[in-house]
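Residues per chain, in single letters:
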Amino acid sequence: MLPLSVYMMFNVLLFVIGVYSCVSKRNLIRIIIGVDILTSAVNLNFIVFSTFRTPGLIDPAGHSFVIMLIALEGGVVAVLLSLVVFLYRHYGTLDIYDLVKLKR
Amino acid sequence: MMAMPETIFPEYVLIQAILAAGIVLNFVLLLKRRSWKSPLTVAVFLSTFLILILTIPVFYGSFELSIHHFLEHIFLKVLFILVAIQIQIHLTKSANYQKGSSKACEINERLFNRSIERTSALQDAVEKIYVEVEVGLFDRDLQNFSEKTTSFLENVLSSAEKAFDIFWNGMVKKSEVALDMLRNVQTGLLNINLIFVITFLGASFILIVLMWR
């Protein structure tokens, strides 16, 4: 089994990629994908800590958190995608700079 | 003690009329929208009905006490509905945990029953000794009495040893079974862990590729 720091570094990398896509991308779909990557990093963090909390045992609390977070993530993505569909029908674009300039 | 009313306060009549109108409206809505399958609607209807019934004795009390009782009833009913909703949510949440822990409970119960059986056997033996002691005392034959007591003490000792052996073996077996179960649960959790990690890594990879394309 790899040490905890390796997993943590990978999680931080995933988190940074998610934040980067949320901040730098202009397309709304890509921003949603960034949010998804962020929640993936959080879920992986839960799993890793549930494994490393007690040596030789696995904490089921982390798993229950992850299952709840998966359900929440599904809901969030569904709401965001419905917003995206509505915005595209209304404005005809998904570029956030164009959406800001239109001001309708 | 409730006295007959000298005067009926108009406020109470108004409150009762409002409650009755609410119940009728609720019932009409229940009938019209066919919403009696929803437990919350039925609970609201029933609690309004209960408030109406419970506030009827308010007419027969003193003014301050009646107001106090009336407010208490309303508060209690609202609290009751909230607690019922909370309990419903909690029950649905904890149903899975109950399923998981019922097996462990069964094992504990079996162990407990077996120990009770052994203890009752021991108690029977001790009761026999008491009977023999009484018989010996009445016989006034001290030699015979001491022999009988010794033999019965030996019997009790051997039976106690046997009972303890059986109990100990059973306990060891049961704890081994429980340990096996725990190991199975742990391996299951490890498998779930692996599945989670692989799924999240795969999903993240696909999402990153999608984002950069």
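As the structure is a prediction and not an experimental result, all values here were calculated from the model.

K.L.:
Residue-level account of the overall build of chain A, with values.
P.N.:
In terms of regular secondary structure, chain A is built from four helices and zero strands. Put simply, chain A runs from its N terminus to its C terminus through helices and strands in the order α-α-α-α. Taking contacts inside chain A between residues at least 6 apart in sequence as the whole, the part at least 24 apart equals 53%. Accessible surface, chain A as shown: approximately 6500 Å² in total, 73% of it carbon and sulfur.

K.L.:
Run through the packing of aromatic side chains, naming residues and quoting values.
P.N.:
A full pass over the atoms with the stated rule returns five aromatic pairs over all chains. Seen from their ring centres, Tyr7 of chain A and Phe52 of chain A are 5.9 Å apart, and the 55° between their planes marks the pair as tilted. Remark: Phe52 of chain A occurs in helix α2 (residues 28–52) and Tyr7 of chain A occurs in helix α1 (residues 4–24); sequence separation between them is 45 residues. Exposure remark for Tyr7 of chain A: the relative accessible area of 26% places this residue in the partly exposed category. On the basis of relative accessibility, which here comes to 29%, the residue Phe52 of chain A falls in the partly exposed class. Here the aromatic rings of Phe164 of chain B and Trp168 of chain B are separated by 6.1 Å at their centres, their planes lie at 15°, and the arrangement is stacked. Here Phe164 of chain B pairs with Trp168 of chain B, and both are found in helix α4 (residues 142–212), just four residues apart, close to one helical turn.

K.L.:
Report on the environment of Met211 of chain B, specifying residues and quantitative values.
P.N.:
Relative to the assigned elements, Met211 of chain B resides in helix α4. With a relative accessible area of 0%, Met211 of chain B lands in the buried category. Setting aside chain neighbours within four positions, we find Met211 of chain B in contact with Ile17, Ser21, Lys25, Arg30, Ile33 and Ile37 of chain A.

K.L.:
Which residues make up the confidence of the model for chain B, and what values do they have?
P.N.:
The predicted coordinates ought not to be read in detail in places where the model reports low pLDDT. Residue and element names in this part refer to chain B. On average, residues of chain B carry a pLDDT of 73, and 57% of them reach 70 or more. Mean pLDDT in chain B bottoms out at helix α2 (residues 39–55), which sits at 66, and peaks at α4, which reaches 83. Complex prediction metrics read pTM 0.45 and ipTM 0.72.

K.L.:
Mind laying out a nonpolar patch on the surface, listing which residues take part and the relevant values?
P.N.:
Residues and elements named next belong to chain A. A surface patch of nonpolar side chains, amounting to about 330 Å² of accessible area, comprises Phe15, Val19, Val23 and Val42. Counting residues per element, the nonpolar patch draws most heavily on α1, at three residues. Along the polypeptide, Val19 turns up in helix α1.

K.L.:
Talk me through the side chain of Thr51 of chain A; I want residue IDs and the actual numbers.
P.N.:
In this fold, Thr51 of chain A is placed in helix α2. For Thr51 of chain A, a relative accessible area of 12% translates into the label buried. If near-sequence neighbours (up to four positions away) are discounted, Thr51 of chain A is found in contact with Met1 and Leu57 of chain A together with Asn193 of chain B.

K.L.:
Tell me about the side chain of His63 of chain A, and please be specific about residues and values.
P.N.:
Among the structural elements, His63 of chain A can be located in helix α3 (residues 60–91). For His63 of chain A, the side chain forms a polar contact with the side chain of Asn193 of chain B, separated by 3.1 Å. In this structure, His63 of chain A is in contact with Ile47, Ser50 and Ile58 of chain A together with Leu189, Ile192, Asn193 and Phe196 of chain B, ignoring residues within four places of it in sequence.

K.L.:
Please provide a residue-by-residue account of the interface of chain B and chain A, values included.
P.N.:
If you look at the interface, chain B gives 17 residues, while chain A gives 25 residues. With both chains or domains summed, chain B and chain A bury close to 1900 Å², and 75% of this area falls on carbon and sulfur atoms. With 15 residues, the single largest contributor to the side of chain B that touches chain A is α4 of chain B. Classifying every residue of the side of chain B that touches chain A by side-chain character gives 13 nonpolar, three polar and one charged.

K.L.:
Which residues make up the packing of α1 of chain A against α2 of chain A, and what values go with them?
P.N.:
All names here are of chain A. Where α1 contacts α2, the axes come no closer than 7 Å and their chain directions differ by 165°. If you check the angle between α1 and α2, you find them roughly antiparallel. For the pair α1 and α2, the crossing hand works out as left-handed. Taken together, the residues that form the contact of α1 with α2 break down as 19 nonpolar, five polar and one charged.

Calculation rules
Here the residue index of a chain counts from 1 through its sequence in written order. Lettering for chains starts from A, numbering for ligands starts from 1, and both go in the order in which the items are written. Owing to the predicted nature of the model, reporting of local features is limited to residues with pLDDT of at least 70; listing and counting of side-chain atom pairs is limited to 80 or more, with chain, interface and lining totals taken over all residues. Computation of side-chain values covers all heavy atoms of the structure but excludes hydrogens and water. Secondary structure counts use DSSP, requiring at least four H or I residues in a row for a helix and at least two E residues in a row for a strand, with both numbered from the N terminus. For this analysis, residues touch if any pair of their heavy atoms sits within 4.5 Å. Accessibility throughout is a Shrake-Rupley quantity obtained with a 1.4 Å probe, and a residue counts as covered only by protein chains that appear here. Two rings belonging to Phe, Tyr or Trp (six-membered ring only in the last case) form a pair when the distance between their centres is within 6.5 Å. Interplanar angles under 30 degrees mark stacking, angles over 60 mark edge-to-face geometry, and anything in between is tilted. Partly exposed residues are those whose accessible area sits between 20% and 50% of the maximum for their type, while under 20% is buried and over 50% is exposed, using a 1.4 Å probe and protein chains only. The predictor attaches a confidence to each residue, and that confidence, scored 0 to 100, is pLDDT. For patch building, the residue pool is restricted to those with more than 30% relative accessible area and no salt bridge; the joining distance is 9 Å between like charges and 5 Å between nonpolar side chains (Val, Leu, Ile, Met, Phe, Trp, Tyr). We define a salt bridge as a side-chain nitrogen of Lys or Arg found within 4 Å of a carboxyl oxygen belonging to Asp or Glu. Residues adjacent in sequence count toward polar contacts only when both atoms are side-chain atoms; beyond that, a polar contact is any pair of N or O atoms within 3.5 Å, and within protein one must be able to donate a hydrogen and the other to accept it. Accessible area that two parts lose when put together, with a 1.4 Å probe and added across both, is what the buried area reports. Under the scheme applied here, ten amino acids are nonpolar (Ala, Val, Leu, Ile, Met, Phe, Trp, Tyr, Cys and Pro), four are charged (Asp, Glu, Lys and Arg), and all others, including Gly, are polar. As a rule, the C-alpha atoms of each element are fitted with a line to give its axis, helices using only the stretch in contact, and angles between N-to-C directions run from 0 to 180 degrees. Roughly parallel covers angles under 35 degrees, roughly antiparallel covers those over 145, roughly perpendicular covers 65 to 115, and oblique covers all other angles. Take the far helix as your reference; a near helix turned counterclockwise from it by less than a right angle gives a left-handed crossing, and one turned clockwise gives a right-handed crossing.

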